[in-house]
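Structural features, examined
As a plain string of letters, each chain reads:
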Protein chains: 2
Amino acid sequence: MSEQTNRYHTSGKEKEVNLPSIFERYRKEVDNELRSIFVDYHLPLYDMMRYHLGWIDENGRHIEGTAGKALRPILCLLACEAAGEHFHKALPSAAAIELVHNFSLIHDDIQDNDTERRHRPTVWSMWGIPQAINAGDGMRAIADLAILRLEDRGVPQKKQQRAQRLLDESCLRMIEGQYLDLSFEGQFNISVNDYLEMIDRKTAALMSCALQTGAIIGTDNESVIERLREFGKNIGLAFQIRDDVIGIWGDQDKTGKPLASDIHRKKKSLPVVYALQTARGTAREEISNIYKKSGITKQEADRALDILNEVQARAHSERMAEEYRNSALTELEKIKTSRWARAHLEEVAYFLVERAF
Amino acid sequence: MSEQTNRYHTSGKEKEVNLPSIFERYRKEVDNELRSIFVDYHLPLYDMMRYHLGWIDENGRHIEGTAGKALRPILCLLACEAAGEHFHKALPSAAAIELVHNFSLIHDDIQDNDTERRHRPTVWSMWGIPQAINAGDGMRAIADLAILRLEDRGVPQKKQQRAQRLLDESCLRMIEGQYLDLSFEGQFNISVNDYLEMIDRKTAALMSCALQTGAIIGTDNESVIERLREFGKNIGLAFQIRDDVIGIWGDQDKTGKPLASDIHRKKKSLPVVYALQTARGTAREEISNIYKKSGITKQEADRALDILNEVQARAHSERMAEEYRNSALTELEKIKTSRWARAHLEEVAYFLVERAF
């Protein structure tokens, strides 16, 4: 369920990864908005959240360079500019979306029993499951309060309400996706279509929400709003499929995760679902049996990887990611926007299916 | 963390408890509003929520008579009528508040490791912790969507926004209370004041929100809104203290919990916090030691109960609950309302500190 991330060095000293250049434009602004939201929160409850957001260490000391990519808020701001409005107006929504995403990560880490995220112990592994549930619940409540700040940015009431409803609906869809993803663990006849319906909720819903919200704040043109929503949905699907590929074939140093990590966790990610569906003969029996029994040995994981390679699960998954990216780009062609915005949206779309982290 | 509840027989055949008569007026309406919210939700994710709400059994079969008291939504509707408006207008808020309360119960049961609620297995004990986290998260998201229905009831935009912000803020305060309550487990110098600050958040915040929200929808008179808010806060404190008393000295048949259940769980409820603070000499040492060591034997629980009795912890707690009830009644005296509404608000206030479940 977790999205592969890498240490992102805001200090600039040690930039290991090539994020699209647009990230530089917005990242500091998103960070400032998020930090200003937390200014009045003093209980240690909030320090768990600050820890998760990469602002402090477990002793409350200020740290740098451990935050996430802030992909969703950046896309929200970019959509707002692409739709013709100054990105400042969308900052409260961008922050709220990032907080909803992070609330889900705190709870995901409990659900997946993950002890590390971004090279650091997860919240539950530091403070226990009960308080980690509170940290996630609290972050979700703060997201709701964050979006109310749209009023201070002069966003009209009707647009505020629409952004609010969209965030609530997208959050519920994301939880549906999380529910489906977990329920797949006990099911052995998941089709590629089932998988796509799941990631449409788990990942694409909030990504699509980010783009659509930025567009709602940026324009009254419903066609632009609709196209950017579809762009968001498609890059969301592509993003998750790329995540699945990295989860199996990713570079350990870049992902911060063990080799073939999702095979060892027996995640029903796309390459596995595809192999379970398309393998034939003894290979089919073998991979089915590996995924049906509890636990997995090193040997079984290696055999599963072999079967994935035999059916070309990686190439097939990468092709699907590219197709969704292309669908996203087709949506983009349908709207009028600045050359500048279009170039940056395209750059992000390419980045999402090519990234190694 | 859990509130003692009893089987409430909506069928009317076997009414074991005396709820204030106002519950009859609103209960069905609250139930209808809640059920209409769930009409379009079909994934099994939502069946976990329906199960928790007492509408279906674990196999999805319709059942009756296992729902909670719906105290908060009923108080919200009563406040709306007391403030001079038809209660129908407040139904979306009433439902949203009940859903926020129930989201917190689903997560509380995980946090407290409680396997039973209202004489039935808890959600996590039926479906596991990961999916129970999703069920709670989903119910929280539905609460947010429920409150948006205020628009359909003709509630002015400004009041909608105020109700929304109040619910979000109250929800966050409730989570703060939950955080403090859990953190008290590892602390041994909790004062009665610390305890009061905790329940002010954990319980009084949402109760106060229920009354204030009803008042906001019912009137523009800020003084009435403020008084009903304070009434809600004070009955919330009284309610929680009564809950603590029942958690130790409650009738097993009525609470559905084992005798002296909160002693065996070593909860830092008011009678215990009071005893830890006021016991002297060897009794002080003894009870401190019992609460400092891990686990508790039957003999130690009996000794703790003896010490609670020696310092008259029960009488002291009951007196405090009565004082908060009286403060609530004083607030009520300050507003103009119908004789009808006043009588019902008073009846609820008395019920909350006298109830046995």
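Just so you know, these numbers come straight off a predicted model, no measurement behind them. (Residues numbered from 1 in each chain as written. Chains lettered and ligands numbered in written order. Predicted model: local features only at pLDDT ≥ 70, side-chain atom pairs only at ≥ 80, totals over all residues. Heavy atoms only, no water.)

**A look at the overall build of chain A**
Along its length, chain A carries 16 helices and two strands. Expected size for 357 residues packed as a compact globule is a radius of gyration near 21 Å; at 20 Å, chain A falls within 12% of this value. For the C-alpha atoms alone, the extent of chain A along its principal axes is close to 65 × 50 × 40 Å. Within chain A, the fraction of its 357 residues that count as buried is 64%. Put simply, 75% of the contacts in chain A that link residues at least 6 apart link residues at least 24 apart. When the accessible surface of chain A is split by element, carbon and sulfur atoms take 45% of a total near 13600 Å². (Helix = DSSP H or I, 4+ residues; strand = E, 2+ residues; numbered from the N terminus. Rg over C-alpha atoms; globule rule 2.2 N^0.38 Å. Buried < 20%, exposed > 50% of the residue type's maximum accessible area, 1.4 Å probe, protein only. Contact = heavy atoms within 4.5 Å. Areas by Shrake-Rupley, 256 points an atom, 1.4 Å probe, with all protein chains shown as cover.)

**Here's the deal with the packing of helix α9 (residues 222–249) of chain A against helix α16 (residues 339–354) of chain A**
Residues and elements named next belong to chain A. Running from amino to carboxyl end, α9 crosses α16 at an angle of 25°, the nearest separation of the two axes being 8 Å. In this view, α9 runs roughly parallel relative to α16, as classed from their interaxial angle. For the pair formed by α9 and α16, the contact residues are L228, F231, I235, A238, F239 and R242 on the first element and L345, A349, L352, V353 and E354 on the second. For the contact of α9 with α16, the class distribution of residues is nine nonpolar, no polar and two charged. (Axes fitted to C-alpha atoms, helices over the stretch in contact; angles between N-to-C directions. Parallel < 35°, antiparallel > 145°, perpendicular 65-115°, else oblique. Nonpolar A, V, L, I, M, F, W, Y, C, P; charged D, E, K, R; others polar.)

**So, helix α4 (residues 91–111) of chain B**
Residue and element names in this part refer to chain B. Here α4 is 21 residues long and its end C-alpha atoms lie 30 Å apart, about the 30 Å a rise of 1.5 Å per residue gives. Counting buried residues in α4 gives 21 out of 21 residues, a clear majority hidden from the surface. Positioned one or two residues after α4, N113 has a phi angle of 60°, which is positive. (Expected span 1.5 Å × (residues − 1).)

**Some words on helix α14 (residues 298–310) of chain A**
Residue and element names in this part refer to chain A. Taking 1.5 Å per residue as the helical rise, α14 with its 13 residues ought to reach 18 Å, and the 18 Å between its terminal C-alpha atoms agrees with that figure. E300, A301, A304, L305, I307 and L308 are the residues of α14 that are buried. In a view along the axis of α14, the buried residues occupy a sector of 160°, so they form one face of it. Counted as exposed and oriented over 90 degrees from the buried face of α14: K298 and Q299. Next to the buried residues of α14 lie α9, α11 (261–264), α12 (270–278), α13 (281–292) and α15 (313–333). Positive backbone phi, at 55°, marks Q312, one or two positions downstream of α14. (Arc of directions from axis to C-beta.)

**Brief notes about the environment of K268 of chain B**
Residue and element names in this part refer to chain B. Looking at the element boundaries, K268 is found in the loop between α11 (261–264) and α12 (270–278). A relative accessible area of 5% means that K268 is categorised as buried. Not counting the four nearest positions on each side in its chain, K268 is found in contact with F184, E185, Q187, F188, I190, Y195, V273, L276 and Y291. Engagement of the side chain of K268 in a polar contact is seen with the backbone oxygen of Q187, the distance being 2.8 Å. (Polar contact = N/O pair within 3.5 Å; in protein donor to acceptor, adjacent residues only side chain to side chain.)

**Notes on the nonpolar core**
Ranked by internal contacts, the top residues of the largest apolar core, which has 256 residues, are F38, L99 and I263 of chain A together with F38, L99 and I263 of chain B. If we ignore the near neighbours within four places in the chain, the residues touching F38 of chain B are Y46, M49, R50, L53, W55, L99 and I142 of chain B. (Core = buried A, V, L, I, M, F, W, Y, C linked by side-chain atoms within 4.5 Å.)

**What to know about the interface of chain A and chain B**
Facing the 40 residues of chain A at the interface are 40 residues of chain B. Taking both partners together, chain A and chain B bury about 3700 Å²; carbon and sulfur atoms supply 62% of that area. Taken together, the links from chain A to chain B amount to four salt bridges. R140 of chain A is paired through a salt bridge with D144 of chain B; the nearest N and O atoms lie 2.9 Å apart. At the boundary of chain A with chain B, the tally comes to 18 residue pairs in polar contact (both at pLDDT 80 or more). Among the elements of the structure, α2 (44–52), α4 (91–111), α6 (129–147) and α7 (157–184) of chain A are those that each provide at least two residues to the side of chain A that touches chain B. (Buried area = accessible area lost by both parts, 1.4 Å probe. Salt bridge = Lys/Arg side-chain N within 4 Å of Asp/Glu carboxyl O.)

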